[in-house]
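Chain by chain, the residues run as shown.
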Amino acid sequence: MPESPTSAAQDPRRRIPRTDHLLDLPAVVAASASLGEGVVRGLARAVQDRARRGEILPEQVEPELLAALDTRGASSLLPVVNATGVIVHTNLGRAPLSPLARQALQDVAGYADVEFDLTTGARGRRGAGARAALLVACPAAEDALVVNNGAAALLLAVTALAATPAGERHEIVISRGELVEIGAGFRLPDLMESAGARLREVGTTNRTHLADYRDALGKDTAAILSVHTSNFRVIGFTGVPEISELSRLAHDAGVPLIADLGSGLLAPEPALPGEPDATTALTGGADIVLCSGDKLLGGPQAGILLGRAELIARLGRHPLARAVRADKLALAALEATLTGPLPPVRRALRTDPEDLRMRTEAVAARIRRHTGLEATVVPHDGRVGGGGGAEVPLPGWAVRLPGALAAPLRTGRPAVVGTVRDGGLLLDLRCVPEDQEEQLLEALAGVSLGEEPA
Ligand SMILES: *Cc1c(COP(=O)(O)O)cnc(C)c1O
């Protein structure tokens, strides 16, 4: 809005409290000590800007700042109540950690015996606990290595096995139907080529035969790679060889078979019969299996390499292994996920639709009672999400509320994210732990005040 000299005199913006005044308020001084001065200044500036834009009155700057300081966490990342029904939600941090994994994060946040043997006082092996837990969970693997994420696991495997300086044995044989983009424009073929490997594409988008692979094998072949098309499904006239067929072919040619599962099932998951798992892939003859620590395994972000001892050792010795190694937080949380009770991701997968219906009915009734909002229960399919199980519906239910609540719930505290459909807001409780129900109701009570009960 253009400034005019006549309006400046009564300009309400002149009443906006100055930064010095705000920073001197006792509650703000205290918040500076705990959150850091830069953070507090940034919040003050943001509230002043809202007043300058006329979104709030100058008199509201002080209380708004105090409220913002009150709800500000240790970082700018905010916890979210995931009421979308999408279990491995790529935009919401993928896997929520189990209580035990959260405890493990706390335990190792300070100094910890990450690479130290407290008994002997000598250097210890990094990640020994996570490795042991992986081998218990997947006895078909001779050895295990944990790296930063799934992409890092693939990068390491391809670099160590196919990017030979002499340029020999640098071809990765892969089906054209498996050249996938896994999200946000990230393409696995680009990753592999950036590692210096050459992709030898075989077959077609929908069908690749064993003979296609066989014809491509030669003196340049470094490995055969099988990639799970995690986030899409080709249906109809389709087909790729079984892992066991590929492994026989690879071993006859003297090269390893790498299987990138994308997700992290270490053994078959009854709720997802179509999803690949590490045990089945290894017993089928894969030499190295790449899996995820968070997608479907339900732990921290990590890439897990399982398979033949000699190959895993070779990958572990490669210089790149250091660049992609897992940090102590991931190692601790992964071990706790593997040894502890079923993590939230797996529980959400196995949710019984009838249990979910009863819980949803009860929550809808509480919402009606506490807020006067019209809350009905409607059928709603949950989804596995970015972790796999593309297009597999997980039958369930949701609370349906007025669609106008979607935005205020998203920007409220805690933030609640649901799905807007046909003018309604659907809240699916599949991924909302029972101990978050109270928070959900409070969030709803907070935003529903101005709403007329329909
Ligand atoms: C997700 C995925 C990856 C990458 O895993 P990140 O943990 O996201 O790095 C690699 N391969 C496949 C097949 C995937 O689905």
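Relevant structure appears above.
Rules of the game
Residues numbered from 1 in each chain as written. Predicted model: local features only at pLDDT ≥ 70, side-chain atom pairs only at ≥ 80, totals over all residues. Heavy atoms only, no water. Helix = DSSP H or I, 4+ residues; strand = E, 2+ residues; numbered from the N terminus. Buried < 20%, exposed > 50% of the residue type's maximum accessible area, 1.4 Å probe, protein only. Contact = heavy atoms within 4.5 Å. Lys, Arg positive; Asp, Glu negative; His and termini not counted. Charge placed at Lys NZ, Arg CZ, Asp CG, Glu CD. Axes fitted to C-alpha atoms, helices over the stretch in contact; angles between N-to-C directions. Parallel < 35°, antiparallel > 145°, perpendicular 65-115°, else oblique. Pairing = 2+ DSSP bridges. Phe/Tyr/Trp six-rings, centres within 6.5 Å; stacked < 30°, edge-to-face > 60°. Lys NZ or Arg CZ within 6 Å of the ring centre and 35° of its normal. Core = buried A, V, L, I, M, F, W, Y, C linked by side-chain atoms within 4.5 Å. Left-handed = near helix turned anticlockwise from the far one by under 90°. Nonpolar A, V, L, I, M, F, W, Y, C, P; charged D, E, K, R; others polar. Near = heavy atom within 4 Å. Polar contact = N/O pair within 3.5 Å; in protein donor to acceptor, adjacent residues only side chain to side chain. Areas by Shrake-Rupley, 256 points an atom, 1.4 Å probe, with all protein chains shown as cover.

Engineer: What am I meant to see in the overall build of the chain here?
Structural biologist: Of the regular secondary structure elements, the chain holds 19 helices and 18 strands. Principal-axis analysis of the C-alpha atoms gives the chain an extent of 85 × 55 × 50 Å. Per-residue burial for the chain yields a buried fraction of 44% across its 454 residues. Counting only contacts in the chain whose residues sit at least 6 apart along the sequence, the fraction spanning at least 24 positions is 73%. Charged side chains of the chain number 47 positive and 55 negative; the gap between the two group centres comes to 3 Å.

Engineer: So what exactly am I meant to see when it comes to the packing of helix H3 (residues 26-35) against helix H4 (residues 37-52) here?
Structural biologist: Relative orientation and spacing of two packed helices are given, respectively, by the angle between their axes and the distance between those axes. At a minimum axis distance of 7 Å, the contact between H3 and H4 shows a crossing angle of 130°. Classified by the angle their axes make, H3 and H4 are oblique. Packed against H3, whose contacting residues are Val28, Ala31, Ser32 and Leu35, the element H4 presents Glu37, Val39 and Val40 at the interface.

Engineer: In this structure, what is going on with the sheet that holds strand E18 (residues 424-427)? I would like to understand it.
Structural biologist: Within a sheet, each strand pairs with its neighbour through backbone hydrogen bonds, oriented either parallel or antiparallel. In spatial order, the strands read E12-E15-E18-E17; together these 4 strands make up an open sheet with antiparallel pairing. The open sheet terminates on both sides in strands that have one partner only, identified here as strand E12 (376-379) and strand E17 (419-421). Averaged over all neighbouring strand pairs, the angle between strand axes comes to 40°, with direction disregarded. Examined bridge by bridge, E12 and strand E15 (residues 397-402) share 4 bridges and lie antiparallel to one another. Bridging from a neighbouring strand, valine 377 pairs with valine 399 of E15.

Engineer: Please clarify how the packing of aromatic side chains should be interpreted in this entry.
Structural biologist: Evaluated as defined, the whole model comprises 0 aromatic pairs. Between arginine 207 and the ring centre of phenylalanine 237, over which it is positioned, the NZ or CZ distance is 3.9 Å.

Engineer: Looking at this model, I keep getting lost on the nonpolar core. Mind explaining?
Structural biologist: One recurring pattern in soluble globular proteins is that nonpolar side chains are buried together. The biggest cluster of nonpolar side chains holds 36 residues, and the ones touching the most others in it are Leu134, Ile224, Leu266, Ala278, Val289, Leu306 and Leu334. With sequence-adjacent residues up to four places away left out, leucine 266 is seen in contact with Leu134, Ala137, Cys138, Asp277, Ala278, Thr279, Cys291, Leu297, Leu306 and Leu338. The next biggest cluster of nonpolar side chains, apart from the first, holds 33 residues, and it includes Leu154, Val227, Leu311 and Ala321.

Engineer: I tried to follow the environment of leucine 373 on my own but got confused; where do I start?
Structural biologist: On the secondary structure map, leucine 373 appears in the loop between helix H17 (353-371) and E12. In this structure the C-alpha to C-alpha distance between leucine 373 and glycine 264, which are 109 residues apart in sequence, comes to 40 Å.

Engineer: Where do I start with the packing of helix H7 (residues 128-137) against helix H15 (residues 328-339) in this structure?
Structural biologist: Contact geometry of H7 with H15 gives a least axis separation of 8 Å together with a crossing angle of 30°. As the angle between them shows, H7 and H15 are arranged roughly parallel. In this structure, H7 meets H15 at a crossing whose hand is left-handed. Residue-level inspection shows Gly129, Ala130, Ala133, Leu134 and Ala137 of H7 in contact with H15, the latter providing Leu331, Leu334, Glu335, Leu338 and Thr339. Here the contact of H7 with H15 is composed, by residue class, of 7 nonpolar, 2 polar and 1 charged.

Engineer: Would you mind going over the site of the ligand with me for this structure?
Structural biologist: In the vicinity of the ligand, the residues found are Arg94, Asn149, Gly150, Ala151, Ile182, Leu188, Val227, His228, Ser230, Asp260, Gly262 and Lys295. Here an oxygen atom of the ligand and a side-chain polar atom of asparagine 149 are 3.3 Å apart. The separation between an oxygen atom of the ligand and a polar side-chain atom of lysine 295 is 2.8 Å. Contact with the protein chains removes 94% of the 380 Å² of surface that the ligand exposes when unbound. Looking at the shell around the ligand, its residues break down into 4 nonpolar, 5 polar and 3 charged.

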